[in-house]
Amino acid sequence: MNSKARIACATILSASVFAAPAALAQGSSDRDASGPYIKGSYGGYKSHGGDFDDSNDLYGAGLGYQFNEFFGLEANYVDFGNFGKDDTKASLKGGALVVIGRLPLSSSFGVYAKAGAFAAALDVDAFDEDETYDDVSPVVGAGVDFRITEHLSTFLEYNRYNVDIDEDDFNGQLNNDGPDFDTAQVGLKFQF
């Protein structure tokens, strides 16, 4: 995706976050607090730790079920794309299963925390070798959400992911700590 498209996507999603309170001030009917939903997000990340300090865009999609206004369960997919330096490059994508605890602060605004497991495929190309690591690691996050309409919400969230590299690979030239990924995403959620 070119830089103009990235800016347009980020502008549209950011505008929805900031427009939500104005839309809510006009009033909307109450929705059922439970039910299935789908979501999509765009954001950025910073990888650090180990040998992969870098930053880039990321894309996410998910589906979940909100059991009530306080508790939900969600499965999502995240594509981190490519990152790394000249002699240590990698790409990461994976899926997460998380539980979400939400605190509604009003009928249209809430804060939430999430925790679960991230199943990742990390492809590493370093020092003329390449390896793929399938790893399951913890993921934690927090965010805020705003209801725009009866079924549509927008959210802004932070998540932290970690993956490990086998220290015996790459002739011991790579650090097996990390990388850690700090992410910030903005997105839309549609509840059925």
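Remember, it's a predicted structure, so these values are computed and weren't measured experimentally. (Residues numbered from 1 in each chain as written. Predicted model: local features only at pLDDT ≥ 70, side-chain atom pairs only at ≥ 80, totals over all residues. Heavy atoms only, no water.)

## Description of the pattern of salt bridges
Which entries qualify depends on this criterion: A carboxyl oxygen of Asp or Glu within 4 Å of a side-chain nitrogen of Lys or Arg is what we treat as a salt bridge. Numbering of helices and strands runs from the N terminus; a helix is a DSSP stretch of H or I covering at least four residues, while a strand is a stretch of E covering at least two. Exposure categories follow from relative accessible area, calculated using a 1.4 Å probe and restricted to protein chains: below 20% of the type maximum is buried, above 50% is exposed, and the middle band is partly exposed.
Counted according to the given criterion, the structure contains 7 salt bridges. One salt bridge in this structure joins Asp 145 and Arg 102, with 2.9 Å as the shortest N-O distance. Taken together, the residues Asp 145 in strand 6 (residues 129-147) and Arg 102 in strand 4 (residues 88-104) connect sequence positions 43 residues apart. Judged by its relative accessible area of 9%, Asp 145 falls in the buried class. Note that Asp 180 and Arg 160 form a salt bridge whose closest N and O atoms lie 3.4 Å from each other. You can see Asp 180 sitting in strand 8 (residues 180-191) and its partner Arg 160 sitting in strand 7 (residues 152-162), a full 20 residues away along the chain. Take Arg 160: its relative accessible area is 30%, and that puts it in the partly exposed class. One connected set of salt bridges, linked through shared partners, spans Lys 39, Glu 74, Lys 114 and Glu 157.

## Digging into a nonpolar patch on the surface
Heads up, the rule is: Excluding any residue in a salt bridge, patches collect residues exceeding 30% relative accessible area, merging like charges within 9 Å and nonpolar Val, Leu, Ile, Met, Phe, Trp and Tyr side chains within 5 Å. Areas reported here follow the Shrake-Rupley algorithm with a probe of radius 1.4 Å; residue values treat only the protein chains shown as occluding.
On the surface, Tyr 65, Phe 67, Phe 70, Phe 71, Leu 73, Leu 97 and Val 99 cluster together into a nonpolar patch covering about 620 Å² of accessible area. Those elements that provide at least two residues to the nonpolar patch are strand 3 (71-84) and strand 4. Tracing the backbone through its elements, the reader meets Phe 71 in strand 3. For Phe 71, a relative accessible area of 37% translates into the label partly exposed.

## Quick look at the confidence of the model for the protein
Definition in use: A score between 0 and 100, pLDDT records how confident the predictor is in each residue. Whether two residues touch is decided by their heavy atoms; if any such pair falls within 4.5 Å, the residues are in contact.
Taken as a whole, the protein shows an average pLDDT of 83; of its residues, 79% reach a score of 70 or greater. Here residues 20-30 is modelled with pLDDT under 50, and outside its nearest four sequence neighbours on either side it reaches 14 contacts, counting other chains as well.

## Quick word on the pairing of strand 8
Inclusion rule: The pairing criterion for strands is at least two bridges between them, as found by DSSP.
Sheet topology note: the strand 1 (residues 35-48)/strand 8 ladder contains 12 bridges and is antiparallel. Considered in strand 8, the bridge of Gly 44 is made with Ala 184. Alignment of strand 7 against strand 8, held across 11 bridges, turns out to be antiparallel. In the strand pairing of strand 8, Thr 154 is matched with Leu 188.

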